[in-house]
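# Structural features, examined
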Amino acid sequence: MKVNIAESWHKHLEKEFSKSYFEVLVDFVKAAYRHHPVYPPAKEIFRAFELCSFEETRVVILGQDPYHGPGQAHGLCFSVRDGIPIPPSLANIFSEIHSELGVAVPETGNLERWAKQGVLLLNATLTVQARKPGSHQKRGWEEFTDAVIRTIVQNKEHVVFLLWGAYAQQKEMLIDSQKHLILKSPHPSPYSANRGFFGNQHFKKTNAYLKAHHLTAVQW
């Protein structure tokens, strides 16, 4: 099956596209888009992979679901389009970056600028029905995105994985900590940010690790 994903990723993931779970997933997603409002727009499901090539990936941030409100999701976890109000979790992320690095809080929540620097903004589930968080979980997306993580772990070195919250931290078992850096903390949600996300120093630690391995730091 030909999947509209960036070529740099396609050659590493093409075996997944012929597996039975992925065939079932494609049928489910196509039907969902026909019968309900679903986010992100179909052409942006794999947007994270278009902006961040396999070769350039040096940081992975793991989310859970796309935003389920109109106009928000555009294929990058935590990110929203220009002109959309910055969601609370992302506001807390920006606050932590400002605290750590002194970077001014941006006016837009569009994180394409991170993706273009090699930050893969990966949701575990790549689609969601409008106003129904979690509605496309356990349909096959998690198996696919787990395969993405394994591919990175096995074929690259010195990638930083940012695991915020219990859901993301379940993916730790997929990551070889001898080859890569794993940074964990509570989720940036307003419900948990004060329990250890604030002050986690993840953005400073990420750049220190990248520099130590002669990789370019991220301009957060």
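Only a predicted model underlies this, so the values are computations on that prediction, with no experimental measurement involved.

About the thresholds
- Residues numbered from 1 in each chain as written.
- Predicted model: local features only at pLDDT ≥ 70, side-chain atom pairs only at ≥ 80, totals over all residues.
- Heavy atoms only, no water.
- Helix = DSSP H or I, 4+ residues; strand = E, 2+ residues; numbered from the N terminus.
- Expected span 1.5 Å × (residues − 1).
- Buried < 20%, exposed > 50% of the residue type's maximum accessible area, 1.4 Å probe, protein only.
- Contact = heavy atoms within 4.5 Å.
- 1 Å grid on protein atoms, 1.4 Å probe; cavity = no way out; pocket = protein on both sides within 12 Å on 5 of 7 lines; lining within 4 Å.
- Points joined across faces, edges and corners; volume = space filled by probe spheres on them.
- Nonpolar A, V, L, I, M, F, W, Y, C, P; charged D, E, K, R; others polar.
- Pairing = 2+ DSSP bridges.
- Axes fitted to C-alpha atoms, helices over the stretch in contact; angles between N-to-C directions.
- Parallel < 35°, antiparallel > 145°, perpendicular 65-115°, else oblique.
- Left-handed = near helix turned anticlockwise from the far one by under 90°.

This brings us to helix H4 (residues 88-101). Each α-helix turn comprises 3.6 residues. Residues three or four places apart therefore point the same way. With 14 residues, H4 extends 20 Å from end C-alpha to end C-alpha; this agrees with the ideal 20 Å at 1.5 Å per step. Listed as buried for H4 are Ser 89, Leu 90, Asn 92, Ile 93, Phe 94, Glu 96, Ile 97 and Glu 100. If you follow the buried residues of H4, they end up packed against helix H5 (112-115), strand S5 (160-164) and helix H8 (202-212). Gly 102 sits one or two positions beyond H4 and adopts a positive phi of about 75°.

One number sums up the size of the largest pocket: a volume of about 570 Å³. Along the walls of the largest pocket sit 29 residues, with Gln 64, Asp 65, Tyr 67, Phe 78 and His 187 positioned nearest its centre. For the lining of the largest pocket, the secondary-structure elements that each account for two or more residues are strand S2 (59-63), H4 and helix H7 (165-169). Sorting elements by how many residues they give to the lining of the largest pocket places H7 first, with three residues. Broken down by class, the residue content of the lining of the largest pocket amounts to 17 nonpolar, eleven polar and one charged.

Here we come to the sheet that holds S2. Within the open sheet, the four strands sit side by side as S3-S2-S5-S6. Their pairing is parallel. Looking along the sheet, the strands with just one partner apiece sit at the ends: strand S3 (119-123) and strand S6 (181-185). Between one strand and the next, the sheet's axes are offset by a mean angle of 20°, whatever the strand orientation. The pairing of S2 with S3 spans five bridges and is classified as parallel. Looking at S3, one finds that Leu 62 is bridged to Leu 122.

Following both chains from N to C, one finds helix H1 (residues 7-17) and helix H6 (residues 141-155) inclined at 135°, their axes separated by 10 Å at the closest point. Compared by their axis directions, H1 and H6 come out oblique. As H1 runs across H6, the sense of the crossing is right-handed. Counted together, Trp 9, His 12, Leu 13, Glu 16 and Phe 17 of H1 and Phe 144, Ala 147, Val 148, Thr 151 and Ile 152 of H6 form the full contact between these two elements. Across the contact of H1 with H6, the residue classes tally to seven nonpolar, two polar and one charged.

We now examine the pairing of S6. Burial analysis of S6 places four of its five residues in the buried class, which makes it a mostly covered element. Of the pairings in the sheet, the one linking S5 to S6 comprises five bridges and is parallel in character. Looking at the pairing, Leu 163 lines up with Lys 184 of S6.

Next up on the list: helix H2 (residues 20-35). For H2, which comprises 16 residues, the first-to-last C-alpha distance of 23 Å matches the rise-based estimate of 22 Å (1.5 Å per residue) to within 8%. The inward-facing, buried residues of H2 contact H1, strand S1 (38-39) and H6.

Looking now at the packing of H2 against H6. To characterise two packed helices, one gives the angle between the axes of the helices and the distance between these axes. Two numbers describe how H2 lies on H6: the axes approach to 9 Å, and their chain directions differ by 125°. It follows that H2 is oblique to H6 by the angle criterion. Along this stretch, H2 crosses H6, giving a crossing that reads as left-handed. When H2 is examined against H6, the residues Tyr 21, Phe 22, Leu 25 and Val 29 are found in contact with a partner set consisting of Trp 141, Glu 143 and Phe 144. Of the residues assigned to the contact of H2 with H6, the class counts are six nonpolar, no polar and one charged.

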